[in-house]
Amino acid sequence: MSGPAPHLPARLSTDWLLQNLSEAGWLDDAAVRRARGPLRDAEATGKHILVALGELELTNALQPDRIVTTEALTRWLGERAALPYAHIDPLKVDVTSVTAVMTYAYAARAHILPIKVTKDTVTIAVADPFARGWEAELGGVIKRQVARVVANPADIDRYLIEFYALSSSVKASELEQRQARGGQISNLEQLMDLGATGKVEANDQHVVAIVDWLLQYAFQQRASDIHLEPRRDMGKVRFRIDGVLHEVYQMPAKVMAAVDSRLKILGRMDVAEKRRPQDGRIKTRSPDGQEIELRLSTMPTTFGEKLVMRVFDPDVLLKNFQALGLDDEETTTWKGLIRNPHGIVLVTGPTGSGKTTTLYSTLKYLAKPEVNVCTIEDPIELVDPAFNQLQVQSNIDLGFATGVRTVLRQDPDIIMVGEIRDLETADIAVQAALTGHLVLSTLHTNDAPATINRLLDLGLPAYLIRATLLGVVAQRLVRVLCPNCRKSVAPHAEDWRELAGPDADMPSQVYEAEGCLECRGTGFAGRVGLYELMTVSNSVRHLIQTETDTPALGALARSQGMRPLRVAGTRKVLAGVTSIAEVLRVTPPAGHN
């Protein structure tokens, strides 16, 4: 691309933009003629011309397989103006500090947005790199050096509104809290600053705005969990995205308490009760109209109530088997297990390994008009009209075992038990399987063969396990490499041997995470499952004894086609789906399989 122009204009204009894009070879004469009218209209209406040009989706004359996007134009403009390009990542912006630099009116008028504040410097994203009338004026007010960067004008417009609206709501709530009288001290480590205590109403319009922003923001960022964590002065908001927590915002402790109360009201929880843990549920819609459920859980902590919301997006929970990560061979094996008319199939793995998603997707596959599918859950993760779902309620002695007994009187064909936690639940699940029902459930074990010993440890007799257990799938979730930035590397011999074993052939290349705008610099986008499928064949059954030899059972299962988790991970690495380090991070060592 061409370097900076020797003579830069006083502002960005249609004539300058089209002339320079033509000279750079990006637009041919026909594209320039097509663009001139819409860009002049945009100038007249106040719409940024880079956005207007990007919306035309013109072909790049230098690269005919690409269109001229607003993002690409912004990068090009930054080079022409000799300014760094910046992609605005809202997860990495301290909204409180950047909105304190200048007022919304000033930022909107100059079409600029502060995105980073340090002790000596304020980094400001600009939509027009040539318009600099505001720079000297602002520098004298903020007493810091101004560092300009070029950013997508559409992003500046969007986040200008979002950041300042959020900041305004938080400040207004905090002001009302300061002006309030009285109030209840609800944390255990409250500083004796009673003059500043007060109460923010959960139904206050500013609190409502904060909660609306929080939920929509979480949906946009593909968060699976939202954490609201109180601290002495400033509470933290964190999102879990692809299994990793990111801090996204901080707000005054009293405002966070009001946000918690608002969410508890929406979740039909007892707002006044702050000493005991509570559970609730919210059903809402994402910005695109998709219904989404949130499961709420509160916990009393030193500084007040911590609230965690688990986001249950039907598009995520209900997937086909290929989308889950099962290959053709694994899909065939899994379908063979779940098509049995009776018996027990178990899904095992630690918390957060995708067991719920596998079970719901399987139930959705099995749920036909001629089949009665009943579930016993604690809590119900996703309400689905295809199932008859029973919520466990310990306060009225309705546990898993009681729930299974109840469901057995409802003429079920398939029963899903949320989790086998004790002998009573295991025993009633076995009885259900023996009386002609297919039972699906979960268990916490490291791998598939260890499930047998876990059932024996619960107190289940070996002969009942032999009579009912059809198969076990152990699973983990690995992050998927971003397809836009993954990089090809030669594998480290030590890492490869740890993953694939000392005798495995060394591949010439594998892929590692790099980081780009699409994946927010993480190198990953989404997650996929690794599966260890153990079918309980007749020969495996013979090894299920009161004192089961787990290593021998595992060796037999492997000889019959079971692929350990690390072998499944190795296949994903060789296919370029994930990295060696990611598989090593989530799977148990080979000696555990």
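As the structure is a prediction and not an experimental result, all values here were calculated from the model. (Residues numbered from 1 in each chain as written. Predicted model: local features only at pLDDT ≥ 70, side-chain atom pairs only at ≥ 80, totals over all residues. Heavy atoms only, no water.)

Undergrad: Would you mind going over the overall build of the protein with me for this structure?
TA: A count of helical and extended segments in the protein gives 23 helices and 18 strands. Based on the C-alpha atoms only, the size of the protein along its principal axes is roughly 85 × 70 × 50 Å. Looking at the protein residue by residue over its 593 residues, the buried ones come to 51%. Counted over contacts in the protein with a minimum sequence separation of 6, partners at least 24 positions apart contribute 64%. Across the protein, the mean location of the 66 positive side-chain charges is 2 Å away from that of the 72 negative side-chain charges. (Helix = DSSP H or I, 4+ residues; strand = E, 2+ residues; numbered from the N terminus. Buried < 20%, exposed > 50% of the residue type's maximum accessible area, 1.4 Å probe, protein only. Contact = heavy atoms within 4.5 Å. Lys, Arg positive; Asp, Glu negative; His and termini not counted. Charge placed at Lys NZ, Arg CZ, Asp CG, Glu CD.)

Undergrad: Even after reading the chapter, I still don't get the sheet that holds strand β1 (residues 112–117), so can you show me in this structure?
TA: What links the strands of a sheet is backbone hydrogen bonding, and the strands pair in either a parallel or an antiparallel sense. The strand order across the open sheet formed by three strands is β1-β2-β3, and the pairing between neighbours is mixed. The sheet is open, and its two borders are formed by β1 and β3 (145–150), each paired with just one other strand. On average, each strand axis in the sheet is inclined to that of its neighbour by 30 degrees, with strand direction left out of account. Sheet analysis places β1 next to strand β2 (residues 121–126), joined by five bridges and oriented antiparallel. Its bridge partner being in β2, leucine 113 is matched across the sheet by alanine 125. Each of β1, β2 and β3 is contacted by helix α7 (residues 133–142), which is oriented at about 135 degrees to β3, the strand it contacts most. (Pairing = 2+ DSSP bridges. Axes fitted to C-alpha atoms, helices over the stretch in contact; angles between N-to-C directions.)

Undergrad: How do you make sense of the packing of aromatic side chains when you look at a structure like this?
TA: The relative placement of two aromatic rings is captured by the distance of their centres and the angle of their planes. If you walk through the whole model with that rule in mind, you get ten aromatic pairs. Joined through ring pairs, the aromatic side chains of Trp16, Trp26, Trp76 and Phe130 make up one cluster. Here the basic side chain of arginine 479 rests over the ring of phenylalanine 524, its NZ or CZ set 4.1 Å away from the ring centre. When the ring centre of tyrosine 511 is taken as reference, the NZ or CZ atom of arginine 486 above it lies at 3.9 Å. (Phe/Tyr/Trp six-rings, centres within 6.5 Å; stacked < 30°, edge-to-face > 60°. Lys NZ or Arg CZ within 6 Å of the ring centre and 35° of its normal.)

Undergrad: Just checking my understanding: could you explain the sheet that holds strand β4 (residues 225–229) for this structure?
TA: Strand order in this open sheet of six strands is β6-β5-β4-β9-β8-β7, and the pairing throughout is antiparallel. The sheet is open, and its two borders are formed by β6 (244–252) and β7 (278–285), each paired with just one other strand. Across the sheet, the mean angle separating the axes of adjacent strands is 20 degrees when strand polarity is ignored. For strand β5 (residues 234–241) and β6, the ladder comprises eight bridges, and the chain directions are antiparallel. Residue pairing across strands places phenylalanine 239 opposite histidine 246, the latter belonging to β6. Lying on the sheet, helix α10 (residues 253–266) is in contact with β4, β5, β6, β7, β8 (291–301) and β9 (304–312); it crosses β6 at an angle near 110 degrees.

Undergrad: Would you explain the confidence of the model for the protein in this entry?
TA: Low pLDDT marks stretches whose predicted atomic positions should not be read closely. Averaged over the protein, the pLDDT score is 86; the fraction of residues at 70 or greater is 92%. Element-level mean pLDDT values for the protein span from 64 in helix α11 (residues 314–317) up to 96 in strand β10 (residues 343–348). Low pLDDT (under 50) marks residues 1–5, which in the prediction has eleven contacts with non-local residues, meaning those over four places away or in another chain. Confidence drops under pLDDT 50 across residues 181–199; counting only partners more than four residues distant or on other chains, this segment forms 28 contacts. (pLDDT = per-residue confidence, 0-100.)

Undergrad: Explain the pattern of salt bridges to me, please; I cannot follow it from the model alone.
TA: Two side chains carrying opposite charge are able to pair once their charged atoms lie near each other. Counting across every chain of the model gives 29 salt bridges. Residues glutamate 273 and arginine 275 are paired through a salt bridge, measuring 3.4 Å at the closest nitrogen-oxygen approach. Note on glutamate 273: relative accessible area 9%, which makes it buried. Among the residues examined, arginine 275 registers a relative accessible area of 69% and is labelled exposed. Here glutamate 273 makes a salt bridge to arginine 276, at a shortest N to O gap of 3.7 Å. Shared partners join several salt bridges into a network, and the residues in it are Asp327, Glu329, Glu330, Arg563 and Arg571. (Salt bridge = Lys/Arg side-chain N within 4 Å of Asp/Glu carboxyl O.)

Undergrad: Teacher, can you tell me more about unusual backbone geometry here?
TA: Only a minority of non-glycine residues have a phi that is not negative, and only a minority of peptide bonds are not trans. The phi dihedral of glutamate 57 falls on the positive side, at around 55 degrees, and the residue is not glycine. Turning to its location among the elements, glutamate 57 is positioned in the loop between α3 (49–55) and α4 (70–80). If you check the backbone angles, aspartate 411 has positive phi at about 55 degrees while not being a glycine. Structurally, the position occupied by aspartate 411 is in the loop between α15 (400–408) and β13 (414–417). Classification of aspartate 411 by relative accessible area gives exposed; the value is 63%.

Undergrad: Looking at this model, I keep getting lost on the environment of glycine 37. Mind explaining?
TA: Structurally, glycine 37 can be placed in helix α2 (residues 29–45). The class of glycine 37 is partly exposed, set by a relative accessible area of 35%. The spatial distance from the C-alpha of glycine 37 to the C-alpha of threonine 14 is 9.4 Å, given a sequence separation of 23 residues.

Undergrad: What should I look at first to understand the pairing of β10 in this one?
TA: Working note: regular strand, side chains alternate between the two faces of the sheet. Taking burial as the measure, the six residues of β10 include six buried ones, the bulk of the element. By the alternation rule, side chains of β10 split into Gly343, Val345 and Val347 and Ile344, Leu346 and Thr348, which are all buried. Relative to strand β14 (residues 438–443), β10 is paired through six bridges, and the arrangement is parallel. Paired with threonine 348 across the bridge in β14 is leucine 443. Sheet topology places β10 next to strand β15 (residues 469–481); five bridges connect them, and they run parallel. Within β15, the position partnered with valine 347 by the bridge is valine 473.

Undergrad: I'm lost on α7 in this one. Help?
TA: Three or four residues apart is the spacing at which side chains of an α-helix point the same way, because the helix has 3.6 residues per turn. All buried positions along α7 are accounted for by Trp134, Glu135, Leu138 and Ile142. Seen from one end, α7 has its buried residues packed into an arc of 100 degrees, which puts them on one side. In this structure, α7 carries Gly133 and Ala136 as exposed residues pointing more than 90 degrees from its buried face. Where α7 is buried, its residues contact α6 (104–110), β1, β2 and β3. Just beyond α7, the residue with positive phi is lysine 143, at close to 60 degrees. (Arc of directions from axis to C-beta.)

Undergrad: For this particular structure, what's the right way to read the packing of helix α9 (residues 205–220) against α10?
TA: The description of two helices packed together rests on the angle between their axes and the distance between the axes. The geometry of α9 relative to α10 is characterised by a closest axis approach of 9 Å and an angle of 75 degrees between their N-to-C directions. Comparing the axis directions of α9 and α10 gives the class roughly perpendicular. Across the interface between the two elements, Val207, Val208, Ile210 and Val211 of α9 pack against Val255, Ala258, Val259, Arg262, Leu263 and Leu266 of α10. A breakdown of the residues in the contact of α9 with α10 according to their chemical character gives nine nonpolar, no polar and one charged. (Parallel < 35°, antiparallel > 145°, perpendicular 65-115°, else oblique. Nonpolar A, V, L, I, M, F, W, Y, C, P; charged D, E, K, R; others polar.)

Undergrad: What am I meant to see in the side chain of aspartate 242 here?
TA: Mapped onto the elements of the fold, aspartate 242 is located in the loop between β5 and β6. At 3.0 Å, the side chain of aspartate 242 forms a polar contact with the backbone nitrogen of glycine 526. Ignoring any residue separated from it by four or fewer positions in sequence, one finds aspartate 242 in contact with Arg222, Arg479, Phe524, Ala525, Gly526 and Arg527. (Polar contact = N/O pair within 3.5 Å; in protein donor to acceptor, adjacent residues only side chain to side chain.)

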